[in-house]
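Notes for the structure review
The primary structure of each chain is shown beneath.
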Amino acid sequence: MRPALVIVGAGPRGTGVIERIAANAPELYAGSGLDIHLVDPHPPGAGRVWRTAQSPLLWMNSHAADVTMFTDDTVEMAGPVRPGPTLHEWAGLDGRTFADRQIQGRYLRWVHQQTLAALPPEITVHHHRRRAVRICGPRDGRQQVWLEGLDRPLNADLVVLTLGHLDAEPDAEQRALTAYARAHGLVHLPPDYTADSDLSALAPGQRVLVRGFGLAFVDLMVLLTEGRGGRYDGDTYVPSGREPVLYVGSRRGVPYHAKLGYDLTGERPPLPRFLGPAQIDALRARPDGFDFRRDVWPLVARELGFAHYHRLFTAHPERTTASWAAFEEKYAAADAADLDALVAAAVPDPRDRLDLAALDRPLDGVRHPSHDSLQEGMRAYLEEDLRRRHDPAHSPDLAVFYALLSVYGQLVRLGDVGPWWHGFFSYLASGPPGPRLRQLLALSRAGVVRFVGADMRVAAEDGVFRASSPTVPGLHIEARALVEARLPGPTVRRSRDPLLRALHADGAAETPDGLLRVDPADGRVLDRAGRPHPRRFALGPHTDARSSGAFTRPRTGGPAFRQNDATARAALTFLRSLTERAAA
């Protein structure tokens, strides 16, 4: 019998694993036959999220030059580099374009086709347009992967899960809100992938509370405005009359920071400096484990500060009072209590100092006397964010962005560090394109979007939904519709994916935040005793080794590429051992 590998999930991550199999097979699996079964009801390459059958109004969240599916020599991996074009090179786009998701879907389909063509002739890929619903089989024997609607399983020597973003059963709060809406004739849309949401229940002119100010909100905003026939005339929005009125708030009360609109010239900060492999090894070796806020965050903050001040001192020395060499020496030696005084002495203008707490919660302590005053204040905030994010005079912001990428790449090796870090990273480093915030400004001026404030609270009472925020004391906004503008949490226990739920029931370990635990070395699924399963692997956002962003920027080390390579090499090595034993 030919060895068989089942990959569940045909999106970018599944393609990435097959690409690494193609790259490593000449060294590790030369001349041996192998059947790869790719299981996914969605199109191979693009998968669900990047399928071409979605609105052309929805954009990618990255510049076309910052999206690649191919490795380069900055990736620390054992396998060979196989270079290829970025999205902008393949599509012939300006590198600073934010391509729509249909174009990205076509790029991913092409990459998938190229990947299949690069496989040795003795390796064959079979695509099954179905959902996998269960895996069973002994630890030391072949696995059976059951597919929806079939009465016989796929037999596999190894299984790799590359499931991507998944739907989840609502938590207790969401169930209660849905029940309340049903009982009172209201509309409640729970967390969902916005492109798949049915928005038809949101009527023209209807007041709609929106909880969430990240990328899901941006998609919602687009689909309910341009998607309903509105248009932009310069910086003015011309309504179609079919838009609802969106009252949006969140914990921070502000949208994610706009994408930076310039490139870094000159010397990049030498990263990692304070949070690198040695520090990660030390944290992993702690017998009592680690606490993110106590043990990890100080190193993260020091790293981000190092990048910020390296750029400020080397690119904008006129705004400092010391040489970089002198400041760096003191910065490295200073304890946390002395850092503020050191920075204040060397950086006279407070606007040039890195204040992570203020960045994280810009509306803390801010109070407005009226709802209209908040609208004016928020428009001023957005205008300043857009100005700063497109002004190279503030290039320390871009240095911090590179530090965030470096930190994320290191933290992948720690496993699950909790949801706060991922939210903070996305807020600073993975915000919307600048043009989207300009559209938000236009919608605010047109009265189609109204801001609620920070720490938005939603109560279900008196037959309506009622929103409030301490940003405007005494504010109460009533509405008959509530949209939760965020993706459902990637929890194993509440996942609507039957395969993940079955894995959990079968003994797979989960983190306190509900992620599937995997061996950070090669992605093998761990059981509740911490043992890696010899025949089951998992990669992606449902695991505690998830990597930053949807795609890798060229020449940034690519943690996802490193993970894909490690998993592919482990799989090929295992499969080769099976063929050698069979031949003996």
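Residues numbered from 1 in each chain as written. Predicted model: local features only at pLDDT ≥ 70, side-chain atom pairs only at ≥ 80, totals over all residues. Heavy atoms only, no water.

1. Points about the pattern of salt bridges
- Taken as a whole, this structure holds 43 salt bridges when the rule is applied.
- Linking Glu510 and Arg493 is a salt bridge whose minimum nitrogen-to-oxygen distance equals 2.2 Å. Here Arg493 lies in the loop between strand E17 (481–484) and helix H15 (498–505) and Glu510 lies in the loop between H15 and strand E18 (524–526), a separation of 17 residues in the sequence.
- On the basis of relative accessible area, Glu510 is assigned to the buried category, the value being 19%.
- Through salt bridges with shared partners, one network takes in Arg48, Arg51, Asp167 and Asp196. (Salt bridge = Lys/Arg side-chain N within 4 Å of Asp/Glu carboxyl O. Helix = DSSP H or I, 4+ residues; strand = E, 2+ residues; numbered from the N terminus. Buried < 20%, exposed > 50% of the residue type's maximum accessible area, 1.4 Å probe, protein only.)

2. A word on unusual backbone geometry
- Omega for the peptide link from Leu271 to Pro272 comes to -5°, which places this bond in the cis form.
- A positive phi angle, close to 50°, is found at Asp455, a residue other than glycine.
- One can find Asp455 in the loop between strand E13 (449–453) and strand E14 (457–461).
- We note that Asp462 has phi near 55°; this positive angle belongs to a residue other than glycine.
- Tracing the chain through its elements places Asp462 in the loop between E14 and strand E15 (464–468).

3. Considering the side chain of Arg535
- Position of Arg535 relative to the elements: it lies in strand E19 (residues 532–538).
- A polar side-chain atom of Arg535 sits 3.1 Å from the main-chain carbonyl oxygen of Asp157.
- Apart from the residues lying within four places of it in its own chain, the contact partners of Arg535 are Pro138, Arg139, Asp140, Gly141, Arg142, Gln143, Asp157, Leu158, Val159, Arg524, Phe574 and Leu578. (Polar contact = N/O pair within 3.5 Å; in protein donor to acceptor, adjacent residues only side chain to side chain. Contact = heavy atoms within 4.5 Å.)

4. Some points on the nonpolar core
- In terms of nonpolar packing, the biggest core is built from 103 residues, with Phe217, Leu304, Tyr309, Leu411 and Trp421 touching the most fellow members.
- In terms of residue count, the dominant contributor to this core is helix H12 (residues 396–411) (11 residues).
- The next biggest cluster of nonpolar side chains, apart from the first, holds 26 residues, and it includes Ile21, Ala25, Ala570 and Leu578. (Core = buried A, V, L, I, M, F, W, Y, C linked by side-chain atoms within 4.5 Å.)

5. Observations concerning the packing of helix H7 (residues 292–315) against helix H8 (residues 324–333)
- Here H7 crosses H8 at 170°, and the two axes come no closer than 10 Å. If you check the angle between H7 and H8, you find them roughly antiparallel. For the pair formed by H7 and H8, the contact residues are Ala301, Arg302, Gly305, Phe306, Tyr309, His310, Phe313 and Thr314 on the first element and Trp324, Phe327, Glu328, Tyr331 and Ala332 on the second.
- Residues of the contact of H7 with H8, tallied by class, amount to 8 nonpolar, 3 polar and 2 charged. (Axes fitted to C-alpha atoms, helices over the stretch in contact; angles between N-to-C directions. Parallel < 35°, antiparallel > 145°, perpendicular 65-115°, else oblique. Nonpolar A, V, L, I, M, F, W, Y, C, P; charged D, E, K, R; others polar.)

6. Side note on the sheet that holds strand E4 (residues 132–136)
- The strand order across the open sheet built from 3 strands is E4-E5-E6, with neighbouring strands paired in antiparallel fashion. Looking at which strands have only one partner, the edges of the open sheet turn out to be E4 and strand E6 (154–156). Strand-to-strand twist across the sheet, computed as the mean angle between neighbouring axes with direction ignored, equals 25°.
- Of the strand pairs in this sheet, strand E5 (residues 143–147) and E6 are connected by 3 bridges, and their pairing is antiparallel. Bridge assignment links Gln143 to a residue of E6, and that residue is Ala156. (Pairing = 2+ DSSP bridges.)

7. Description of the packing of aromatic side chains
- One pass over the structure, following the stated rule, counts 29 aromatic pairs.
- Between Phe306 and Trp324 the ring centres are 5.7 Å apart and the planes differ by 55°, which places this aromatic pair in the tilted class. A residue pair is termed long-range when its members are at least 10 positions apart, and Phe306 in helix H7 and Trp324 in helix H8 qualify at 18 residues. Note on accessibility: Phe306 and Trp324 belong to one class, buried.
- Considering the side-chain rings of Phe313 and Trp324, the 5.8 Å spacing of their centres and the 50° angle between planes classify their relative orientation as tilted. Taken together, the positions of Phe313 in helix H7 and Trp324 in helix H8 put the pair 11 residues apart, joining distant regions of the chain.
- Above the face of the Trp297 ring, Arg293 is positioned so that its terminal group lies 5.7 Å from the ring centre. (Phe/Tyr/Trp six-rings, centres within 6.5 Å; stacked < 30°, edge-to-face > 60°. Lys NZ or Arg CZ within 6 Å of the ring centre and 35° of its normal.)

8. Observations regarding the pairing of E19
- The element E19 is extensively covered by neighbouring structure, given that 5 of its 7 residues are classed as buried.
- Pairing between strand E7 (residues 158–161) and E19: 3 bridges, direction parallel. Among the inter-strand pairings, Leu161 is bridged to a residue of E19, identified as Ala538.
- As paired strands, E18 and E19 are joined by 2 bridges and run antiparallel to one another. Paired with Arg524 across the strands is Phe537, a residue of E19.
- In this structure, the hairpin formed by E18 and E19 is closed by a connection of 5 residues, where Gly530 is found at a positive phi of approximately 85°.

9. Focus: helix H5 (residues 215–224)
- When you tally the buried positions in H5, you get 9 out of 10 residues, the bulk of the element.
- Listed in full, the buried residues belonging to H5 are Ala216, Phe217, Val218, Asp219, Leu220, Met221, Val222, Leu223 and Leu224.
- Here the buried face of H5 lies against helix H3 (101–118), strand E9 (207–211), strand E12 (245–249), helix H14 (434–445) and E17.

10. A short note on the sheet that holds E7
- With respect to topology, 6 strands assemble into an open sheet ordered E3-E2-E1-E7-E19-E18, the strand pairing being mixed. Looking at strand neighbours, the two that pair on one side only are strand E3 (123–128) and E18, the edges of this open sheet. In this sheet, adjacent strand axes meet at a mean angle of 35° when their direction is disregarded.
- Along the sheet, helix H16 (residues 559–583) contacts strand E1 (4–8), strand E2 (34–39), E7, E18 and E19; its crossing angle with E19, the most-contacted strand, is approximately 135°.

11. A short note on the pairing of E7
- Here E7 shows no split at all, with Leu158 and Val160 on one side and Val159 and Leu161 on the other all buried.
- The pairing of E1 with E7 spans 4 bridges and is classified as parallel. Bridge pairing in E7 links Val6 to Val159.

12. Overview of the environment of Ser200
- Looking at the secondary structure, you find Ser200 in the loop between strand E8 (187–189) and E9.
- Here Ser200 falls in the exposed class, since its relative accessible area comes to 59%.
- Of note is the side chain of Ser200, whose polar atom sits 2.7 Å from the side chain of Asp198.

13. Comments concerning the side chain of Arg569
- One can find Arg569 in helix H16.
- Residue Arg569 is classed as buried on the basis of its relative accessible area of 16%.
- Discounting chain neighbours no more than four positions away, the residues touching Arg569 are Asn24, Glu27, Leu28, Ala78 and Gly79.

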